[in-house]
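Tertiary structure, described
Now for the letters of each chain:
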Amino acid sequence: MSEIKVNSIKGVSASTAAISIDNSSGTCTANITNRTNKNLVVNGACLIAQRGTSSTATGYGSVDRFKMALSNVDENPTQAQADVASGTTPYSLGFRKAFKVTNGNQTSGAQTGDVLIFTYNFEAQDIANSGWNYTSSSSNITLSFWVKSSVAQNFFVNLVAFDGTVYSYTIETGSLSADTWTKVTKTISGNSNLTFDNDNGVGTRLEFILYRGTSFTGSVTLNQWAAYDSSNRNPDCTSTWYTTNDATFEVTGLQVEVSDHATDFEHRSFAVEKRLCDRYYQKIINNRSTEPFGVGNIDGSTQAQIYVSLPVEMRTAPTSMEVQNNATDIAMRVRSNVTCTGFNFFGSGTHNAFLEIQVSTGHGFTDGQAAFAVNNGANLFLAFSAEL
């Protein structure tokens, strides 16, 4: 019987081995680019935008899981879900949407206390259970993304680990050419000081820094873990983008994987990505009159108790509810509709929400009678948030 004995198999022009062999055990490690369930980022291709496609709000406002953070700005930027233009890379790689920030008019210039960033938060348990030996300097994760800026400039990106003693790791995009998509890849080794709790709190935050004033910047060494310093979060920022009215910055293809190199982006279907996003924010939309969204019972002469089933278990029990339109767009129904006069959100579990809906006296219903709530208007939605 013939046999081949080698240490590794590598492509002619490759820098890393496709297959590495352990000489002692005879086992091998293969670098496979099309692995599934490897991307720790939810909605990295920016497919889902349940809140809307454009907003000037601080916090979550457009693309799911991407959050704006602002301080001391003269005019809020616009965050949006944008189209990736055909004929470009990353379009040719299957990307159709991006998260886009359009700067406001910062008439006061770049001030020391100004902040304009956007972030992505990871659950601690997703990092803890990812397979990354994060306390070992020989175990790696790799961050990759596509980025485009309308202004030629270098930008900083922070990875901040929150559990235990807070540590941060700062990289740079390198000088971007204006209006040109660029892929950024960075492999990040573990560190003995890192801690990630096995829970559903914020374990890590990824920060894209469009501008931070000098009250928060200073002497920071790139490409290494360091104890977090609130006065020196990243090196001093170039202010050109921030002081350019309507400057734009776009990101897509955001991926974090347990690997010592970047592999092909894990494209997930719209349906799968939507369900992953629903863990943090889910919207129940009723577009058709009389379409039910919850069931319960009549409770006395002026109200009903209604339970709304949440299709996807949420990260934690939502503490508030967002409603489009008003109470008169909700009706209680037994055999016929009665328009409601008000409602209260009484809390929820991770699978359901409990509402108290008021109706006027003389509605003709009987205490204890089964009932359900329906859409009494147009485009009614209820939305629940359990964001990090």
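Let us look at the structure shown here. Because the structure is predicted, anything quoted here is derived from the model rather than measured.

**Regarding helix α2 (residues 270–278)**
Listed as buried for α2 are Glu273, Cys277 and Asp278. Down the axis of α2, the smallest arc covering the buried residues is 140 degrees, so these residues share one side. Away from the buried face of α2 by more than 90 degrees, exposed residues Ala271 and Arg275 are located. Structurally, α2 contributes buried residues whose contacts are with β17 (281–286).

**A look at unusual backbone geometry**
Not every positive phi belongs to a glycine, and asparagine 223 is a case in point at roughly 60 degrees. With respect to the secondary-structure elements, asparagine 223 resides in the loop between β14 (202–212) and β15 (225–227).

**Observations concerning the sheet that holds β14**
One open sheet holds the 7 strands; their spatial order is β5-β6-β9-β14-β11-β12-β15, and the pairing between them is antiparallel. With one partner strand each, in any of the chains shown, β5 (59–60) and β15 form the two edges of the open sheet. Of the strand pairs in this sheet, strand β11 (residues 156–161) and β14 are connected by 6 bridges, and their pairing is antiparallel. Within β14, the position partnered with asparagine 158 by the bridge is glutamate 207.

**Focus on the environment of phenylalanine 208**
Take phenylalanine 208: it is sitting in strand β14. Taking the C-alpha atoms as reference points, phenylalanine 208 and isoleucine 306, separated by 98 residues in sequence, lie 42 Å from one another. Residues within four places of phenylalanine 208 in sequence aside, it is in contact with Ile117, Phe118, Phe145, Phe156, Val157, Phe249, Val251 and Leu254.

**Quick look at the packing of aromatic side chains**
A complete count under the given rule lists 18 aromatic pairs for this structure. On the basis of an interplanar angle of 65 degrees and a centroid distance of 6.0 Å, the ring pair of tryptophan 132 and tyrosine 134 is categorised as edge-to-face. Of the two residues, tryptophan 132 and tyrosine 134, neither departs from the other in class, the shared state being buried. Measuring from ring centre to ring centre gives 6.1 Å for tryptophan 132 and phenylalanine 196, while their planes differ by 45 degrees; the resulting arrangement is tilted. Taken together, the positions of tryptophan 132 in the loop between α1 (124–128) and β10 (140–149) and phenylalanine 196 in the loop between β13 (182–189) and β14 put the pair 64 residues apart, joining distant regions of the chain. As far as the burial class goes, tryptophan 132 and phenylalanine 196 line up, both buried.

**Some remarks on the sheet that holds strand β20 (residues 321–323)**
Reading across the sheet, the 3 strands line up as β17-β25-β20 and stay open at both edges, with antiparallel pairing between neighbours. The open sheet is flanked by β17 and β20, the only strands paired with a single partner. For this sheet, the mean angle separating the axes of adjacent strands, direction not counted, is 15 degrees. Relative to strand β25 (residues 380–385), β17 runs antiparallel, the two being bridged by 6 bridges. Paired with isoleucine 284 across the two strands is leucine 382, which belongs to β25.

**Some details on the environment of histidine 363**
Within the element layout of this structure, histidine 363 appears in the loop between β23 (352–359) and β24 (370–375). Judged by its relative accessible area of 13%, histidine 363 is buried. With 350 residues separating them in the primary sequence, histidine 363 and serine 13 have C-alpha atoms 78 Å apart. Setting aside residues no more than four positions away along its own chain, histidine 363 makes contact with Ile298, Gly300, Ser301, Thr302 and Val338.

**Observations regarding a nonpolar patch on the surface**
A surface patch of nonpolar side chains, amounting to about 300 Å² of accessible area, comprises Ile4, Val6 and Ile9. By the element assignment, isoleucine 9 lies in strand β1 (residues 8–9). Of the residues examined, isoleucine 9 reaches a relative accessible area of 45% and is grouped as partly exposed.

**Some details on the pattern of salt bridges**
Counted by the stated rule, this structure contains 10 salt bridges. Two residues, glutamate 250 and lysine 148, come together in a salt bridge whose shortest N-O distance is 3.6 Å. Placement of the pair is glutamate 250 in strand β16 (residues 248–257) and lysine 148 in strand β10, with a sequence separation of 102 residues. Look at glutamate 250 and you get buried, because its relative accessible area is 6%. The class for lysine 148 is buried, based on a relative accessible area of 19%. Aspartate 278 is the partner of lysine 274 in a salt bridge, and the nearest nitrogen-oxygen pair spans 2.9 Å. One end of the pair, lysine 274, and the other, aspartate 278, are both in helix α2, 4 residues apart, so they sit about a helical turn from each other. Residue lysine 274 is classed as partly exposed on the basis of its relative accessible area, which comes to 24%.

Calculation criteria
- Residues numbered from 1 in each chain as written.
- Predicted model: local features only at pLDDT ≥ 70, side-chain atom pairs only at ≥ 80, totals over all residues.
- Heavy atoms only, no water.
- Buried < 20%, exposed > 50% of the residue type's maximum accessible area, 1.4 Å probe, protein only.
- Helix = DSSP H or I, 4+ residues; strand = E, 2+ residues; numbered from the N terminus.
- Arc of directions from axis to C-beta.
- Contact = heavy atoms within 4.5 Å.
- Pairing = 2+ DSSP bridges.
- Phe/Tyr/Trp six-rings, centres within 6.5 Å; stacked < 30°, edge-to-face > 60°.
- Axes fitted to C-alpha atoms, helices over the stretch in contact; angles between N-to-C directions.
- Patch = residues over 30% accessible without salt bridge, like charges linked within 9 Å, V, L, I, M, F, W, Y side chains within 5 Å.
- Areas by Shrake-Rupley, 256 points an atom, 1.4 Å probe, with all protein chains shown as cover.
- Salt bridge = Lys/Arg side-chain N within 4 Å of Asp/Glu carboxyl O.

From the geometry alone we can't say anything about function, so treat these as descriptive.
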